[in-house]
There are 2 protein chains.
Amino acid sequence: MATNKEHISKQFDADLEEVRTRVLQMGGFVEEQIEYAIEALTSGNEELIDQVITRDHRVNAMEVSIDEICNQIIARRQPTASDLRMIMMVIKTITDLERIGDEAAKIARMAKLIYSSDRMHIPRFNEIKHVASIAMDMLHKALDSFARLDLNAAAQIVRQDEFVDEEFRSILRQLITFMMEDPRKISTCLEIVFIAKAIERIGDHAKNMSEYVVYMVKGKDVRHVTADQIEQEIRE
Amino acid sequence: MATNKEHISKQFDADLEEVRTRVLQMGGFVEEQIEYAIEALTSGNEELIDQVITRDHRVNAMEVSIDEICNQIIARRQPTASDLRMIMMVIKTITDLERIGDEAAKIARMAKLIYSSDRMHIPRFNEIKHVASIAMDMLHKALDSFARLDLNAAAQIVRQDEFVDEEFRSILRQLITFMMEDPRKISTCLEIVFIAKAIERIGDHAKNMSEYVVYMVKGKDVRHVTADQIEQEIRE
């Protein structure tokens, strides 16, 4: 019986290793999508813009396929306790990764609109680049924290998320000023509002992902709580 | 053995009934949140605005608690095949319901901004009311389709989603015109843009929910496909 259990556990470990590798591959691909989307936005490289948009279907396919593998693992290995929590963490994580992919494609579509119309003033996107770099750092930390089951990143990510939200509001105020000064810029500014919003949502998804890791490790659900409460949880 | 299996199956059915009832309760509560948010927005009833915002934590609590029940069912009953797909449908459905709740709270927060600032022109929100009524109909259909495992609604919801997306773009064009005509209206118009965006996202979530039902019933993943393809799937 012990041998049998060990055998099942080994199979389960192998399955899990496979699924975790796939999630990290998906995560790496999604990181690339955001990076390319921001590069395409700031450079106006239309080929890169189209590449981000067409590659989005690969993110979707990865989600569907990892989901399927998770269902098979549950059905075959019938995991309980922390093994089950691990699978649940994966299922939730890939949903957020897929939505981050959607936001990257959205940024690329907005870039297309900005460059395709015959407009005089293409802004320099300095603030957008800055807030995007923070959101990308959050995603990278969330993936690291997933890979290593490291809780220290979680509270850090929640705090970065608050910063990204503040930056979004500051960009919004700036854009409102631009629009008031020159109503001909309203359309372009609105597209930049949607880009800033997409970046803010990428931060939200990275935050969700880090919370699943806390749930996996501590067995406690820390969604919908503050950074202070999460730090408390981790210390306990 | 057969008796034992039947016994397990009966327990499982009872568990499932319990969890489905809870999802429908959560769905009803979320429907109410959208309804109140739109009513609060159009009437300017500040008490109602605050009520929507403070009630959002109950949506979050419902998600966490149903999630926990699902984990317990998987660990105890070790469901496979369609039973497992049912649980997976529930887990994904409540994630979307929780996010719809967030959008309702967002609408209420925007309403608060619109009414709290000393502005002369509060618009009549006719277009917003119209598109919100369609998004609410989509959510209602998605919940019905979840309750009855009825596939006919799915393709219908996907088509309604396309209509909501078009309406969003039309509202956006209208708001751009308003902003250009009177730059003093820019802040209010931007808040209405975010409200329209929130409604459009409610439609997206309802669409996700209907796709999970197709997956549950047909065992095929129809995320990321067109309405035509879904109709094809259902006919097969």
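The numbers attached to residues start from 1 for each chain and follow its sequence in the written order. Chains and ligands are labelled by the order in which they are written, letters from A for the one and numbers from 1 for the other. Whole-chain, interface and lining totals are the exception, using all residues; otherwise, since this is a predicted model, local features are given only for residues with pLDDT of at least 70 and side-chain atom pairs are given and counted only at 80 or more. With hydrogens and water stripped out, all remaining heavy atoms of the structure feed into the side-chain values.

**Some words on the confidence of the model for chain A**
Piece 1. Each residue gets a pLDDT score, which is the predictor's confidence in that residue and runs from 0 to 100. Looking at chain A, pLDDT values average 90 and 93% of them are 70 or higher.
Piece 2. Mean pLDDT across the secondary structure elements of chain A bottoms out at helix α7 (residues 227–235) of chain A, with 74, and peaks at helix α4 (residues 126–148) of chain A, with 96. Only DSSP runs of H or I reaching four residues or more are called helices, and only runs of E reaching two or more are called strands; each is numbered from the N terminus.

**A look at the packing of aromatic side chains**
When we look at a pair of aromatic rings, we describe it by the centre distance and by the angle of the planes.
Piece 1. Classification of ring pairs uses Phe, Tyr and Trp, with its six-membered ring standing for Trp, and accepts pairs whose centres are within 6.5 Å; under 30 degrees between planes counts as stacked, over 60 as edge-to-face, and the remaining range as tilted. Counting across every chain of the model gives two aromatic pairs over all chains.
Piece 2. Ring plane angle 65° and centroid distance 6.2 Å describe the contact between F168(A) and F194(B), whose orientation is recorded as edge-to-face. Here the residue F168(A) occupies a position in helix α5 (residues 152–181), and F194(B) occupies one in helix α6 (residues 186–218), the pair thus bridging two chains. Like F194(B), F168(A) is buried.
Piece 3. Over a ring means this: the NZ of a Lys or the CZ of an Arg is within 6 Å of the ring centre and within 35 degrees of the ring normal. One Lys or Arg, K197(A), reaches over the ring of F194(B) and ends 5.5 Å from the middle of that ring. Summary of the burial criterion: residues with accessible area below 20% of their type's maximum are buried, those above 50% are exposed, and those between are partly exposed, where the area comes from a 1.4 Å probe applied to protein chains only.

**Points about the packing of helix α3 (residues 81–116) of chain A against α4(A)**
Residues and elements named next belong to chain A.
Piece 1. Geometry is summarised by axes, namely lines fitted to C-alpha atoms with helices restricted to the contacting stretch, and by angles between N-to-C directions that run from 0 to 180 degrees. Relative to each other, α3 and α4 sit at 160°, their axes nearing to 13 Å. By the angle class used here, α3 and α4 are roughly antiparallel. Between α3 and α4 the crossing geometry is left-handed. Taking contact as the criterion, the partners of M89, V90, T93, L97 and I100 in α3 are, on α4, L139, L143 and F146.
Piece 2. Throughout, the ten residues Ala, Val, Leu, Ile, Met, Phe, Trp, Tyr, Cys and Pro are labelled nonpolar, Asp, Glu, Lys and Arg are labelled charged, and all others, Gly among them, are labelled polar. For the contact of α3 with α4, a count of residues per class yields seven nonpolar, one polar and no charged. Comment on the angle field: the value is read as roughly parallel under 35 degrees, roughly antiparallel over 145, roughly perpendicular from 65 to 115, and oblique elsewhere. With the far helix as reference, a near helix turned anticlockwise by less than a right angle produces a left-handed crossing, and one turned clockwise produces a right-handed crossing. Any two residues whose heavy atoms approach within 4.5 Å at even a single point are treated as in contact.

**Describing the packing of helix α6 (residues 186–218) of chain A against helix α5 (residues 152–181) of chain B**
Each pair of packed helices gets described by two things: the angle between the helix axes and the distance between those axes.
Piece 1. Relative orientation of the contacting elements α6(A) and α5(B) amounts to 130°, with a least axis distance of 10 Å. The pairing of α6(A) with α5(B) is recorded here as oblique in orientation. Relative to α5(B), the crossing made by α6(A) is right-handed. For the pair formed by α6(A) and α5(B), the contact residues are I186(A), S187(A), L190(A) and F194(A) on the first element and F168(B), L172(B), I176(B), M179(B) and M180(B) on the second.
Piece 2. Among the residues making up the contact of α6(A) with α5(B), the classes are represented as eight nonpolar, one polar and no charged.

**Brief notes about the UniProt feature "domain: PhoU" (unreviewed entry) in chain A**
Piece 1. UniProt positions are given in the numbering used here, feature names are shortened, and annotations may be inferred rather than shown by experiment. UniProt's entry tags residues 24–110 and 128–213 of chain A with the feature "domain: PhoU" (unreviewed entry), counted in the numbering of this structure.
Piece 2. The span residues 128–213 of chain A carries 92% helix and 0% strand; its end-to-end C-alpha distance comes to 28 Å.

**Digging into the side chain of D161(A)**
All names here are of chain A.
Piece 1. Structurally, the position occupied by D161 is in helix α5.
Piece 2. The exposure class of D161 is buried, given its relative accessible area of 3%.
Piece 3. Not counting chain neighbours up to four residues away, the residues in contact with D161 comprise M138, G203, D204 and K207.

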